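Structural overview for review
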Amino acid sequence: MAQGDFNRKAQQFMNGRRGPDDLANLCVWVAIILVLVDLFAHTGWLSWVSMALVVYAVWRMCSKNVYARMNENDAFLKALGPVRPWLQNPGRAAHELRTYKHVKCPSCGQKVRVPRGKGKLRVTCPKCHEKFEVKS
């Protein structure tokens, strides 16, 4: 079978499927870590857990119920919350923390990013257009 033919058949198989998402990627990474730990710990159950995680990740990638997988992934990302930037790019998250301060609007609770080290700033909320002062 030629390479182009295999690529076409793989593309046809994945048509209508979601493919890898954040939750599936996390399952695979956790499985890899568990396999590495199992190399030193020599427990049988860690390898089974890692295999189950890989099977679950492949099932997620090949599932045709795209809407349900999308909702599960969205719930997972929402549960990660503020930890997500630190997991995706720790260097950029640390730079963001050093460069900017995040404050909440007193009227609506919207988070607003202001530069650090600029003294007292008058900030306008992008959501409710409330003006308030904050020390950066």
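Description of the structure in this document. Just so it is clear, the structure is predicted and the values come from calculations on it, not from any experiment. (Residues numbered from 1 in each chain as written. Predicted model: local features only at pLDDT ≥ 70, side-chain atom pairs only at ≥ 80, totals over all residues. Heavy atoms only, no water.)

What to know about the overall build of the protein chain
The helix and strand inventory of the protein chain stands at 6 helices and 4 strands. In the protein chain, the succession of α and β elements from N to C terminus is α-α-α-α-α-α-β-β-β-β. At 22 Å, the protein chain has a C-alpha radius of gyration far larger than the 14 Å of a compact globule built from 136 residues. Judged by the C-alpha coordinates and their principal axes, the protein chain covers about 65 × 40 × 30 Å. For the protein chain, the residues scored as buried account for 21% of the 136 residues in total. In the protein chain, once contacts between residues fewer than 6 apart in sequence are set aside, the share between residues at least 24 apart is 34%. Roughly 10,000 Å² of accessible area belongs to the protein chain as shown, and the carbon and sulfur atoms make up 62% of that amount. If you average the places of the 22 positive and of the 9 negative side-chain charges in the protein chain, the two averages end up 7 Å apart. (Helix = DSSP H or I, 4+ residues; strand = E, 2+ residues; numbered from the N terminus. Rg over C-alpha atoms; globule rule 2.2 N^0.38 Å. Buried < 20%, exposed > 50% of the residue type's maximum accessible area, 1.4 Å probe, protein only. Contact = heavy atoms within 4.5 Å. Areas by Shrake-Rupley, 256 points an atom, 1.4 Å probe, with all protein chains shown as cover. Lys, Arg positive; Asp, Glu negative; His and termini not counted. Charge placed at Lys NZ, Arg CZ, Asp CG, Glu CD.)

Considerations on the nonpolar core
Listed in full, the 8 residues of the largest apolar core are Val103, Cys105, Val112, Val114, Val123, Cys125, Phe132 and Val134. Elements represented by at least two residues in this core include exactly strand 2 (111-115) and strand 4 (131-135). Excluding residues that lie within four positions of it along the chain, cysteine 105 makes contacts with Gln110, Cys125, Cys128, Glu130 and Phe132. (Core = buried A, V, L, I, M, F, W, Y, C linked by side-chain atoms within 4.5 Å.)

Some words on the packing of aromatic side chains
In the structure shown here, the tally under the stated rule is 1 aromatic pair. One Lys or Arg, arginine 17, reaches over the ring of phenylalanine 13 and ends 4.1 Å from the middle of that ring. Here arginine 113 stacks its cationic end above the ring of tyrosine 100, 3.8 Å away from the centre of that ring. (Phe/Tyr/Trp six-rings, centres within 6.5 Å; stacked < 30°, edge-to-face > 60°. Lys NZ or Arg CZ within 6 Å of the ring centre and 35° of its normal.)

Overview of a nonpolar patch on the surface
Nonpolar side chains collect at one region of the surface, where Trp29, Ile32, Val35, Leu36, Leu39 and Phe40 lie side by side and expose about 670 Å² of accessible area between them. By the element assignment, tryptophan 29 lies in helix 2 (residues 22-41). You can call tryptophan 29 exposed: its relative accessible area is 55%. (Patch = residues over 30% accessible without salt bridge, like charges linked within 9 Å, V, L, I, M, F, W, Y side chains within 5 Å. Salt bridge = Lys/Arg side-chain N within 4 Å of Asp/Glu carboxyl O.)

Quick look at the pairing of strand 2
Going residue by residue along strand 2, you find Val112 and Val114 tucked away on one face and Lys111, Arg113 and Pro115 left uncovered on the opposite face. In this structure, the hairpin formed by strand 1 (residues 100-104) and strand 2 is closed by a connection of 6 residues, where glycine 109 is found at a positive phi of approximately 85°. (Pairing = 2+ DSSP bridges.)

Some remarks on the pattern of salt bridges
The tally for this structure, following the rule as stated, stands at 7 salt bridges. Between aspartate 21 and arginine 18 there is a salt bridge; the shortest N-O distance is 3.7 Å. Ionic pairing is found between glutamate 96 and arginine 113, a salt bridge with its closest N-O pair at 3.2 Å. Placement of the pair is glutamate 96 in helix 6 (residues 90-99) and arginine 113 in strand 2, with a sequence separation of 17 residues. The exposure class assigned to arginine 113 is partly exposed, which follows from its relative accessible area of 44%. A single network of salt bridges, built from pairs that share partners, joins Arg18, Asp21, Arg60, Arg69 and Glu72.

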